[in-house]
Amino acid sequence: MRQVEKSYIAELYQQDSLMLVDPVGDARLIRRLDTIPIKLGAILFRGKPLPQSMDAKRHEEAVLQDKPLVIGRSLPIDVDRLLNKCAEIMRAHFPEIFPTAGQEHRWSPEAEDYLSHAYWHRLRRHSKGRQQDPPVPILGRSKLFLCLACGWTSKYCVTGKEAALTGYIMSRPDRSVMPHELFEESYVLNGGNIYLSFLTCENILTSDPHRKGRYKDPMQQKLAYIRHDSTESGDNYGAWYHLFGIALYSMLRPELKGLVVAEAESLGSFFFEGSDRQEDMINHYGAIFGQKYRKMLEDGSWWLRGGRTDYLLPNEVKSY
């Protein structure tokens, strides 16, 4: 409690190593969450768009000129085949590496004690002018859920393998890194810890996701275009981090909860960034992929699972 109070300031925070329990980081996270309502209000009621939305629009206009982007309406990834590929990767590294579920980042005991009455405490601070932003009721949400929802896992849920995985991506040619290759490299770096493997992928994909010019990020240029669009100018960045983020969360939660969160994410993206059928499908099927991955890990079927592994489906959108 005392450590949480001491660190109750809004300055930026960055973990520098794996800390599944982090009281200081929890305090900074709770404080930062209180800045969300005003920012969302600016987007919804003042017509202030997200930086990446404006960037994407300008990028499309510059690249396509008079040729409109046609967003694909067919499923880009076969999740069962992707699961087959992941199982193949796990077998290829056995017995040197044995897959384990891993442990989730969680609230510290100090933060859990504070959260039991945190909302009213922060409300009093706000009413006395000691806190500018109105408090957000956390309502028992897990630390991982809140960080995934806000795109902050790379700040508060670090694995320590992010730099190595980024180095691997940057060593590859543009548009060459496939989702299974990103997973495999992370799987090896994290010694078969599935939670950390997916989280490391998510962390390097969501480092400051709402920044301006994210589509120009050199690392993003290394990733294969996995959307079904008329040209390679849609939000490929979002497609990748939604796939790994939703899969990670769904892997750790009951089946219905994972799907509900996936649909809520799609709804939120609709209001803040506009309609994107490709991202909606990646959210939905990413949740299904995470659920199936958990079952495969629990029953050990990764050792026997076979079948097709060509998981990227043909693009049915004709190019202009």
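So, here's what we can say about the structure.

### Some words on the environment of Ser250
Thought 1: Mapping Ser250 onto the fold places it in helix α14 (residues 236–252).
Thought 2: On the accessibility criterion, Ser250 (0% relative accessible area) is buried.
Thought 3: The sequence separation of Ser250 and Lys292 amounts to 42 residues, and the corresponding C-alpha distance is 9.3 Å.

### Here's the deal with α14
Thought 1: Taking 1.5 Å per residue as the helical rise, α14 with its 17 residues ought to reach 24 Å, and the 25 Å between its terminal C-alpha atoms agrees with that figure.
Thought 2: In terms of residue burial, α14 counts as a mostly covered element, since 16 of its 17 residues are buried.

### Focus: the nonpolar core
Thought 1: By size, the foremost hydrophobic cluster in this structure holds 62 residues, and its most contacted members are Leu182, Phe198, Phe289 and Tyr293.
Thought 2: With 10 residues, α14 is the single largest residue contributor to this core.
Thought 3: Look past the residues within four positions of Phe198 in its chain and what remains in contact with it is Phe183, Phe244, Ala247, Leu248, Met251, Phe289 and Tyr293.

### So, the environment of Leu248
Thought 1: With respect to the helices, strands and loops of the structure, Leu248 is situated in helix α14.
Thought 2: Judged by its relative accessible area of 0%, Leu248 is buried.
Thought 3: Measuring from C-alpha to C-alpha, the distance between Leu248 and Arg294 comes to 9.6 Å, with 46 residues separating the pair along the chain.

### Observations regarding helix α2 (residues 23–33)
Thought 1: Counting buried residues in α2 gives nine out of 11 residues, a clear majority hidden from the surface.
Thought 2: Along α2, the positions that sit buried rather than exposed are Pro23, Gly25, Asp26, Ala27, Arg28, Leu29, Ile30, Arg31 and Leu33.

### Describing the pattern of salt bridges
Thought 1: Counting across every chain of the model gives 13 salt bridges.
Thought 2: A salt bridge links Asp80 to Lys292, with the nearest nitrogen and oxygen atoms 2.9 Å apart. You can see Asp80 sitting in helix α5 (residues 79–92) and its partner Lys292 sitting in helix α16 (residues 277–299), a full 212 residues away along the chain.
Thought 3: Between Arg308 and Asp310 there is a salt bridge whose closest N-O contact spans 2.7 Å.
Thought 4: On the accessibility criterion, Asp310 (37% relative accessible area) is partly exposed.
Thought 5: Here the residues in one salt-bridge network are Asp78, Arg81, Arg308 and Asp310, joined through shared partners.

Calculation rules
Starting from 1, residues in each chain are numbered consecutively following that chain's sequence as written. Since the coordinates come from a predicted model, pLDDT governs what is reported: local features require at least 70, and pairs of side-chain atoms require 80 or more to be given and counted, while whole-chain, interface and lining totals use all residues. Hydrogens are left out, water is left out, and the side-chain values use all remaining heavy atoms of the structure. Helical segments are the DSSP runs of H or I of at least four residues, strand segments are the runs of E of at least two, and each set is numbered from the N terminus. Working definition: with a 1.4 Å probe on protein chains only, accessible area under 20% of the residue-type maximum means buried, over 50% means exposed, and in between means partly exposed. Take the number of residues in a helix, subtract one, and multiply by 1.5 Å to get its expected span. Each nonpolar core is a collection of buried residues, namely Ala, Val, Leu, Ile, Met, Phe, Trp, Tyr and Cys, held together in the definition by side-chain atoms within 4.5 Å. For this analysis, residues touch if any pair of their heavy atoms sits within 4.5 Å. The term salt bridge refers to a side-chain nitrogen of Lys or Arg lying within 4 Å of a carboxyl oxygen of Asp or Glu.

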